Amino acid sequence: MKELTPLMRQYWEMKSLHMDKVLLFRMGDFYEMFFDDAVTAAPILGIALTSRNKKSADETPMCGVPHHSIAGQINKLLARGLKVAMCDQIEDPKLAKGIVKRAVTRILTPGMVLDPETLETSRSHYLAAFEDGVFAGLDVTTGESFFFDQLSPEEASRLIGLLPIAEWVIRPGSPSERLKPEGAVLSTCEQLAEENDPLLNAQNKTALRLLLCYVRGLAGETSKLVIKPFERRTLKGRMSLSTTTLRHLEIFQTYKGDLNGSFYQAIDRTQTSIGARLLRQWISFPLLDADEVRERHDKVAHWTQNPAPLQKIREVLRGMGDLERRLSKVGQPSANARDLQSIRDSARAGLGALELAKINEPWFSKMHQVCDEIDRTLIDDPPLQIRQGYLIRQGYMPELDELISLSTDSNALLEKLEAREREASGIPSLKVRYNQVFGYYIEITNTHKDKVPTHYLRKQTLANAERYATDELVELEKKVLSAQSRRNDLEYEIFERLRKQVLSLAPDLLKLAAMAAELDVITALSWLALERKLTRPHFVNQSRLKLNGSRHLVVEQNVKEFVANDIEMHPGGCLLLTGPNMAGKSTIMRQVALIALMAQMGSFVPASHATLPLFDQIFTRIGASDQLSEGLSTFMVEMTETAEILKKMTPQSLVIFDEIGRGTSTFDGMSLAQAILEHLLEKQKALTLFATHYHELTRLEGKYPQLMNAHMTVTDRGGEIRFLHTLTKGPALKSYGIQVAKLAGLPLEVTKRASEVLKGIETKKDDSQLSLFQVPAESETIEPKNQELDSKLQELAAVIRDFPLQGKTPLEAMNQIAKWQDMISSTSSGSSH
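Everything numeric in this text was worked out from a predicted model, so none of it was measured.

Let us look at the packing of aromatic side chains. A ring pair, where both rings are aromatic, is described by two values, the distance of the centres and the angle of the planes. For the structure shown, the criterion picks out 16 aromatic pairs. Between Trp12 and Phe35 the ring centres are 5.1 Å apart and the planes differ by 40 degrees, which places this aromatic pair in the tilted class. Taken together, the residues Trp12 in helix H1 (residues 6–15) and Phe35 in helix H2 (residues 35–45) connect sequence positions 23 residues apart. With a centroid separation of 4.8 Å and 45 degrees between ring planes, the pair formed by Tyr434 and Tyr440 is classed as tilted. Residue classification places Tyr434 among the partly exposed positions, given a relative accessible area of 41%. By the ring-pair criterion, three or more aromatic residues cluster together here, those being Tyr126, Phe135, Phe146, Phe148, Trp168 and Phe285. Sitting above the plane of the Tyr264 ring, Arg280 keeps its charged end 4.6 Å from the centroid.

The biggest cluster of nonpolar side chains holds 149 residues, and the ones touching the most others in it are Phe135 and Ile283. Other than its neighbours up to four places away in sequence, Ile283 contacts Leu241, Ile251, Phe252, Phe263, Tyr264, Ile267, Leu597 and Met601.

A separate point is the environment of Glu155. Mapping Glu155 onto the fold places it in helix H4 (residues 153–162). Residue classification places Glu155 among the partly exposed residues on the basis of a relative accessible area of 32%. C-alpha of Glu155 to C-alpha of Leu235: the two residues are 80 residues apart in sequence and 8.5 Å apart in space. Contacts of Glu155, omitting those with residues within four sequence positions, involve Gln150 and Leu235.

Bringing the confidence of the model for the chain into the picture now. Low pLDDT marks stretches whose predicted atomic positions should not be read closely. For the chain, the mean per-residue pLDDT works out to 87, and 89% of the residues sit at or above 70. Low pLDDT, under 50, characterises residues 624–632; the predicted model gives this stretch 14 contacts beyond four residues in sequence or across chains. Within the model, pLDDT remains below 50 along residues 766–785, and this stretch shows 19 contacts once partners closer than five positions in the same chain are excluded.

Attention shifts here to the pattern of salt bridges. Within this structure, the stated rule accounts for 43 salt bridges. Note that Asp298 and Arg536 form a salt bridge whose closest N and O atoms lie 2.7 Å from each other. Here Arg536 lies in the loop between helix H17 (506–532) and strand S17 (538–539) and Asp298 lies in helix H9 (residues 290–304), a separation of 238 residues in the sequence. Across the pair Asp339 and Lys329 runs a salt bridge, and its minimum N-O distance is 3.6 Å. Taken together, the positions of Asp339 in helix H12 (residues 337–356) and Lys329 in helix H11 (residues 323–330) put the pair 10 residues apart, joining distant regions of the chain. It is possible to trace a salt-bridge network through shared partners that takes in Arg344, Asp345, Arg348, Asp372 and Asp375.

About the criteria used
Residues numbered from 1 in each chain as written. Predicted model: local features only at pLDDT ≥ 70, side-chain atom pairs only at ≥ 80, totals over all residues. Heavy atoms only, no water. Phe/Tyr/Trp six-rings, centres within 6.5 Å; stacked < 30°, edge-to-face > 60°. Helix = DSSP H or I, 4+ residues; strand = E, 2+ residues; numbered from the N terminus. Buried < 20%, exposed > 50% of the residue type's maximum accessible area, 1.4 Å probe, protein only. Lys NZ or Arg CZ within 6 Å of the ring centre and 35° of its normal. Core = buried A, V, L, I, M, F, W, Y, C linked by side-chain atoms within 4.5 Å. Contact = heavy atoms within 4.5 Å. pLDDT = per-residue confidence, 0-100. Salt bridge = Lys/Arg side-chain N within 4 Å of Asp/Glu carboxyl O.

Structure (structure tokens):
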């Protein structure tokens with residue numbers, strides 16, 4: 001094997017310690033990647049893969065990225081689940097003897113990014129762990145750290161689904177590995193932080209200690225300066241929202257995965273990134289305590305009644321930026337002077353907004369002082385580099401002023417010395433010059449040799465002149481040549497001192513950020529209330545709901561004219577909605593759920609009047625989406641989600657079912673829909689909105705007084721229909737399916753044929769879909785063709801009914817279904833003989 005060059009030997013010394021990471025190897029102005037790292041990274045970064053030794057037999061694959069644009073490129077690698085080690089030059093190449101010294105200065109993972117400002121501003125970026133019933137989360141980009149304890153596996157799973165987790169940290173062999181969120185990178189950490197670590201807040205819990213140890217192992221001790229002590233949080237007193245509900249209601253993204261068109265995007269009027277992230281938390285964890293909700297409503301109401309100061313506060317907040325993530329950046333080795341100025345600007349905007357809101361704290365004065373110190377220390381537009389001077393204002397320190405004068409005014413000083421020496425010696429052609437061999441010197445032609453002062457020291461003899469030095473010139477040379485180097489060192493020292501001063505105030509700065517974030521969310525909700533004409537909701541102890549002039553806040557912002565509707569439901573009530581697609585059934589149901597969520601997160605709601613209970617949970621079964629990769633069909637997804645709802649709902653829940661049972665045959669679907677609806681009305685008695693195309697279900701209104709039929713109004717003139725989107729009592733008279741198909745653009749011959757088929761069905765009941773599970777109504781009986789066959793099928797139906805579906809994996813369920821199919825086939829063939 002060919003002997004490695006000294007550079008490649010140094011590379012492999014570093015790479016051997018980080019084989020599981022992409023090693024970025026600093027060479028001059030580039031970070032280079034070699035071998036498998038280059039092959040992996042090049043297509044991800046969209047850069048050319050080349051070779052280091054193109055003419056040799058063992059070409060080395062390589063690719064490179066300019067150092068000034070490295071942050072964005074690193075984030076691309078992290079987004080693919082890769083880990084990165086940054087190997088930097090740790091000495092000045094000009095002073096290096098041989099190969100420049102290098103060392104790994106940063107290790108980056110999906111949860112430990114290089115530049116937090118490259119992340120999505122409105123989303124947190126959590127490292128998380130779950131051990132012994134404790135869930136811990138830590139966002140190193142904002143300093144947020146928290147934990148939930150005494151969680152059941154089910155609660156932990158729901159919590160994990162709600163939070164944006166980038167990296168899942170476990171101990172080797174931990175069973176919590178199976179809880180790793182989809183899309184998160186799995187990392188292991190063998191050690192734990194010390195029990196007495198102040199950031200643990202006296203909580204000796206494995207999950208907390210695991211995260212702290214992991215973060216410090218990657219980011220070093222400076223990371224603790226910008227992390228808040230762990231805060232205990234609880235799911236008690238919070239409405240329960242599942243990831244399924246968030247998806248069905250398109251809370252944070254649409255079904256297509258877009259932010260635009262989501263509920264969050266429709267209500268977000270925050271002016272800061274910290275406020276946007278807090279708004280996400282309020283949406284994800286609505287309140288259950290009436291007093292807490294009223295407190296938020298009181299604050300929103302205050303600013304809606306004071307629009308002038310509200311507008312001024314929002315203008316000030318707009319200049320705040322992301323104080324949390326900027327502070328995190330200041331804690332990193334890559335921090336520069338502009339980062340400190342960003343902290344100053346953010347802090348001043350936050351302080352200004354809070355003071356306008358009549359909020360003052362004694363420690364605000366420390367914030368003003370550090371902002372003034374940053375002003376006094378740094379020039380207005382400092383460079384990005386912090387080791388090359390030109391950062392600090394003149395007048396800050398006399399010693400530095402002298403070095404600045406020497407380094408920037410050396411030519412003027414030499415000209416003054418030259419003029420003085422000419423006048424003192426009487427030699428008009430005397431010159432002060434410089435070269436790299438002899439340094440500074442005084443040159444006098446041979447014509448004036450006899451006038452040379454006696455204190456001049458000869459340095460060099462030329463054919464037509466002599467070169468001299470003086471003590472003053474030698475001293476000036478020392479000062480000038482070393483001034484820039486000493487200036488750079490002193491300015492860096494001053495910068496580091498200022499950076500540490502800012503970091504020492506990190507707890508107060510993070511507290512300031514939290515206060516400004518809450519003010520931002522409250523004023524954003526107030527602005528939304530004024531902009532969209534929202535009203536303050538009122539809460540009642542009974543499960544009674546009354547919404548006058550209610551609207552869907554997302555839809556109304558995307559249509560020219562939205563039709564508001566009145567909705568009233570009594571305790572245990574169910575609104576059974578029938579009618580055609582596109583009439584607005586789904587919109588009505590979603591808007592009720594969104595109004596409930598808005599009310600309990602502390603917002604005003606889109607209605608002219610709103611009275612509603614405090615819901616403990618919102619359940620939804622809307623639409624159908626195959627999960628074939630998990631072995632689940634559309635109907636299986638529908639039934640699994642329905643089973644989950646029936647299992648977990650309480651009388652204090654809000655339940656929404658949209659067209660349940662449509663994923664199977666007509667009679668099976670109708671039977672299931674009726675059975676589910678009866679269970680809701682008889683057992684749980686939660687407020688329920690139930691949309692269906694099975695018009696036979698509307699007859700249940702006579703049996704259950706709490707059930708109310710309603711439909712969305714449609715006009716039909718000569719076969720041309722128009723949707724009025726008005727909610728009206730009573731069942732729909734027709735489904736208008738064929739008319740809707742015409743509107744959708746189906747060929748005329750198809751819709752004509754459909755009309756003919758429909759007439760045939762209406763005149764003669766089609767019993768071709770009688771299924772295994774069909775149960776005759778009390779008034780009718782079906783004579784079995786074969787009593788023995790009927791008995792066996794009933795036994796099989798009982799087995800299927802009692803099958804523990806929730807305890808089985810998709811593969812186990814599919815295997816069992818295959819066995820049942822075999823049993824049915826053998827039973828049918830046996831009965832035919």
